[in-house]
Amino acid sequence: MKCLWKNARHVGYMTDGSPNFSLAALQMFLSHFRLSEKTMDLAWEVFDYRRRRQSELIYKRIGVSGEKEQKTGVSLREIYDMETKAIQYRAEARYDKGIEGHGSSEELDDLETRLKGGERYLALFCEFPGNSMLKCPDLKRIKRLADAYDFAVVVDETIGNSIDVHVLPHADVVVSSLTKIFSGDCNVMGGSAILNPQGRYYQQLKSAFEADYEDNYWAEDIMFMERNSRDFVTRIKKINDNAEAICSVLQGHALVKEVYYPKYSPTKQFYDDCRTPAGGYGGLLSFTFHKKNHAVAFFDRIETTKGPSLGTNFTLTSPYVLLAHYREFDWAAGFGVPADLLRISVGVEDEEDLKSRFATALKAAEAVGL
Ligand SMILES: Cc1ncc(COP(=O)(O)O)c(C=O)c1O
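Residues numbered from 1 in each chain as written. Predicted model: local features only at pLDDT ≥ 70, side-chain atom pairs only at ≥ 80, totals over all residues.

Enquirer: Which residues make up the nonpolar core, and what are the values?
Expert: If you look at the biggest cluster of nonpolar residues, it comprises 76 residues, and the most contacted ones within it are V167, I246, L285 and F298. The leading source of residues in this core is helix α9 (residues 232-251), at 7 residues. Residue contributions to this core reach at least three from each of two domains, namely domain 1 (2-23 + 96-229) and domain 3 (232-367). Residue contacts for V167: discarding those within four places in its chain leaves F128, L139, V155, E157, G160, V174 and C274. (Core = buried A, V, L, I, M, F, W, Y, C linked by C-beta atoms within 7 Å. Buried ≥ 20, exposed ≤ 12 C-beta atoms within 10 Å, placed from the backbone. Helix = DSSP H or I, 4+ residues; strand = E, 2+ residues; numbered from the N terminus. Domains from an automatic or database assignment. Contact = placed C-beta atoms within 7 Å.)

Here's what the structure looks like:
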């Protein structure tokens, strides 16, 4: 553990010496620390309400048929699905949400109006940049609102990474999945939470973390994480360059409709507000084709590893929305996230080799015709 944190501090911006925490632990912790009894009660009410509704639904169907459950067509699968949804709903209800969806300035306008009108929030959670459209929220403004209306800000900078962006001044807690590019080798998992010593909740958070802390990180995992992270800085530089190279291959192609990358996003200014002096724009990008069959042909042909994760040292291509939102395309589309989006997590391969692999896959898309 110590090694990891020494290393983390060495790379620049981990100003606090707090021990490593998993994101799950942070969430549990925040739920204990900040959420009021009232919120918890509400969560249970919501949960119970949904359970009741589900039971009613099931029993109604049983009642109508007048037969036993097995014969009514209410399958175990359905019950399981409903139960899962209810649990998810309960989990969501446990957190007060300051903002949802795009993380856009319009939504911040709305949040500000609600705050001015007397609504109060305990904490605002956001990613920087957001997955998978790579847009950034205006962290400076969020900080101003947090100061004015007294709520905590928790920023997940996994996608940004601490070499490229420095978000701590705008947050109370910065969380990061070290499973991703901090490690890069995808043979170990880990998470971190950095507390802002200048944050208004620092003392409370620090003592709560200390009270909660349990050193249960497996010894070999620590060794792998530390070893993998040694060249974090140089890998990030390479990945930034590769990502920009891939963006230019894609942007220059007639079949490609849109490329999403922090550098080309309408929210670039918000990214730049937090960009480190030598920082780049990271290793995650998404893009769409004008036509779905071009996306399919590209995906089938592209010679990278295919998978749903991100932040590996090798390039990964993912039909992210298909995998993550298969049952809710309309919902995703409501946030401007198209079903046939392709997400690329860029690795450290040779730039020319990567470019040619992308060019070959684009040719396969061309071969489909218009
Ligand atoms: C932005 C972001 N934060 C956190 C996580 C969770 O990471 P872990 O798998 O280390 O718990 C992920 C995983 O995909 C992620 O994409």
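Enquirer: Hey, could you go over the sheet that holds strand β6 (residues 284-289) for me, with residue numbers and the actual values?
Expert: As summarised here, the arrangement of the 5 strands in space is β5-β6-β9-β8-β7, forming an open sheet in which the pairing is mixed. Lying at the two open borders of the sheet, with one neighbouring strand each, are β5 (256-260) and β7 (305-306). For β7 and strand β8 (residues 316-318), the ladder comprises 2 bridges, and the chain directions are parallel. What sits directly across from T305, in β8, is L316. (Pairing = 2+ DSSP bridges.)

Enquirer: Can you explain the sheet that holds strand β2 (residues 152-156)? Please cite residues and give values.
Expert: As summarised here, the arrangement of the 4 strands in space is β1-β2-β3-β4, forming an open sheet in which the pairing is mixed. Looking at strand neighbours, the two that pair on one side only are β1 (123-127) and β4 (191-195), the edges of this open sheet. With direction set aside, neighbouring strand axes in the sheet form an average angle of 20°. Examined bridge by bridge, strand β3 (residues 173-177) and β4 share 5 bridges and lie antiparallel to one another. Counted as the bridge partner of V173 is L195 from β4. (Axes fitted to C-alpha atoms, helices over the stretch in contact; angles between N-to-C directions.)

Enquirer: Please provide a residue-by-residue account of the pairing of β1, values included.
Expert: Strand direction decides the pairing type here: β1 and β2, joined by 5 bridges, are parallel. Within the sheet, the bridge partner assigned to E127 lies in β2 and is D156. Each parallel crossover has a hand, and the one from β1 via helix α6 (residues 139-149) to β2 is right-handed. (Right-handed = clockwise from strand over helix to strand, strands pointing away.)

Enquirer: Lay out the site of the ligand with the relevant residues and their values.
Expert: Near the ligand, the surroundings consist of 11 residues, among which D156, T158, S177, T179 and G191 are the closest. Counted by class, the shell around the ligand contains 4 nonpolar, 5 polar and 2 charged residues. (Near = placed C-beta within 6 Å. Nonpolar A, V, L, I, M, F, W, Y, C, P; charged D, E, K, R; others polar.)

Enquirer: Please give an account of the confidence of the model for the protein chain that cites residues and values.
Expert: Of all residues in the protein chain, 73% have pLDDT values of 70 or greater, and the mean over the chain is 79. In this model residues 1-51 is a low-confidence stretch, pLDDT under 50, and it forms 81 contacts with partners more than four residues away in sequence or in other chains. Low confidence marks residues 61-76, where pLDDT is under 50. Its contacts with residues over four positions away, or in another chain, come to 11 contacts. (pLDDT = per-residue confidence, 0-100.)

Enquirer: How would you sum up α6? Please name residues and give values.
Expert: Among the residues of α6, L139, I142, L145 and A146 are the ones counted as buried. The buried residues of α6 occupy one face: seen down the axis, they fall within an arc of 120°. Turned more than 90 degrees away from the buried face of α6 sit D147 and A148, all of them exposed. Of the surrounding secondary structure, the elements contacted by the buried residues of α6 are α5 (105-116), β1, β2 and α10 (268-274). The positive-phi residue at the C-terminal boundary of α6 is D150, with phi of around 55°. (Arc of directions from axis to C-beta.)

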